[in-house]
Structure formats: structure tokens, C-alpha cells
Amino acid sequence: MLYTAGRSLQWVAVRRRQRCPLAVAKLDRLSRDVQFISGLMAQRVPLLVAELGPDVDPFILHLFAALAEKERAMIATGTNTTLADLLTPLPAANPFSAMRASLRR
């Protein structure tokens, strides 16, 4: 099952109609966007995060959402750096240049 922001919004609509909390194991599994999580909280959607417990303070939810967003940015930076390193040509004297060239194909 594919979970995207649109898919999350569908679940929010279903939970609202059923008047039950939106339960997730970890907050970053719902979204890694602070604005999305804050929007849910502003709309008074009850969130139940198993990792944090049932009586978690909204401030803590904001903190975990901000950490998840920062983690997403750090992962993207690391991935882009690694890809750039793989695509840079190596000197011909390096014995691994032929192997790296074959990885690019």
C-alpha cells in the first residue's frame, strides 16, 4: 500500500467521519512535513502515536515532526552527495576506475 500525503488526507477524512483518532506507530510514518502535522492538529484531528503514548503534549508532536523533517533533509543531502561522488570520473591509474565505469552503465 502506498502512503503519500494524499493518501494520508483520505485517512484523515475517514477518521473524521468515524469520529475516532488517527492512530500511527510513529509520527514520521504519517508525514515528515511539519506543516501537515500542524494542520492536522489545528483541525483538531485526534492523533494517537503509539511511540509517544496516548497523552502526549502537542508541543512534543511538533518537535517530533520537526525532527522527522530535518531527518528527511539530511537523508536527501547524503543521497545527493553519494550520487555525485559516484558520477565523478576517477583517474585512469586507479584500479577501481573500470569497476566504477561499469556501475554507471
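You'll find the structure just up there.
Since this is a predicted model, take the numbers as computed values, not measurements. (Residues numbered from 1 in each chain as written. Predicted model: local features only at pLDDT ≥ 70, side-chain atom pairs only at ≥ 80, totals over all residues. Heavy atoms only, no water.)

(A) Spotlight on helix H3 (residues 34-42). Listed as buried for H3 are Phe36, Ile37, Leu40 and Met41. Each buried residue of H3 sits inside an arc of 135 degrees when the element is viewed along its axis, so together they form one side. Seen from the buried face of H3, the exposed residues on the opposite side, beyond 90 degrees, are Gln35 and Ala42. Arg44 sits one or two positions beyond H3 and adopts a positive phi of about 60 degrees. (Buried < 20%, exposed > 50% of the residue type's maximum accessible area, 1.4 Å probe, protein only. Helix = DSSP H or I, 4+ residues; strand = E, 2+ residues; numbered from the N terminus. Arc of directions from axis to C-beta.)

(B) Local environment of a nonpolar patch on the surface. On the surface, Phe59, Leu63 and Phe64 cluster together into a nonpolar patch covering about 280 Å² of accessible area. Position of Leu63 relative to the elements: it lies in helix H4 (residues 58-87). (Patch = residues over 30% accessible without salt bridge, like charges linked within 9 Å, V, L, I, M, F, W, Y side chains within 5 Å. Areas by Shrake-Rupley, 256 points an atom, 1.4 Å probe, with all protein chains shown as cover. Salt bridge = Lys/Arg side-chain N within 4 Å of Asp/Glu carboxyl O.)

(C) Quick peek at H4. With 30 residues, H4 should reach 44 Å at 1.5 Å per residue; the first-to-last C-alpha distance of 44 Å fits that figure. Those residues of H4 that fall on the buried side of the exposure criterion are Leu61, Ala65 and Ala68. Along its buried surface, H4 packs onto helix H2 (27-30), H3 and strand E2 (47-49). (Expected span 1.5 Å × (residues − 1). Contact = heavy atoms within 4.5 Å.)

(D) Representation of the packing of H3 against H4 within the structure. Look at H3 against H4: their axes get within 8 Å of each other, and the N-to-C directions meet at 160 degrees. Classified by the angle between their axes, H3 and H4 sit roughly antiparallel to one another. Helix-helix and strand crossings are classified by hand; for H3 and H4 the assignment is right-handed. Where H3 approaches H4, its residues Val34, Ile37, Ser38 and Met41 are matched on the opposing element by Pro58, Leu61, His62, Ala65, Ala66 and Glu69. Each residue belonging to the contact of H3 with H4 can be placed in one class, and the counts come to seven nonpolar, two polar and one charged. (Axes fitted to C-alpha atoms, helices over the stretch in contact; angles between N-to-C directions. Parallel < 35°, antiparallel > 145°, perpendicular 65-115°, else oblique. Left-handed = near helix turned anticlockwise from the far one by under 90°. Nonpolar A, V, L, I, M, F, W, Y, C, P; charged D, E, K, R; others polar.)

(E) Just the pattern of salt bridges, in detail. Under the definition given, this model contains three salt bridges. Between Arg29 and Asp28 there is a salt bridge, and its shortest N-O distance comes to 3.6 Å. A relative accessible area of 53% means that Arg29 is categorised as exposed. For Arg32, the salt bridge is made with Asp28, and the minimal N-O distance between the two is 3.3 Å. The class for Arg32 is partly exposed, based on a relative accessible area of 21%. Salt bridges linked by common partners bring Asp28, Arg29, Arg32 and Glu71 together as one network.

Treat this as a map of the structure, not an account of what it does.
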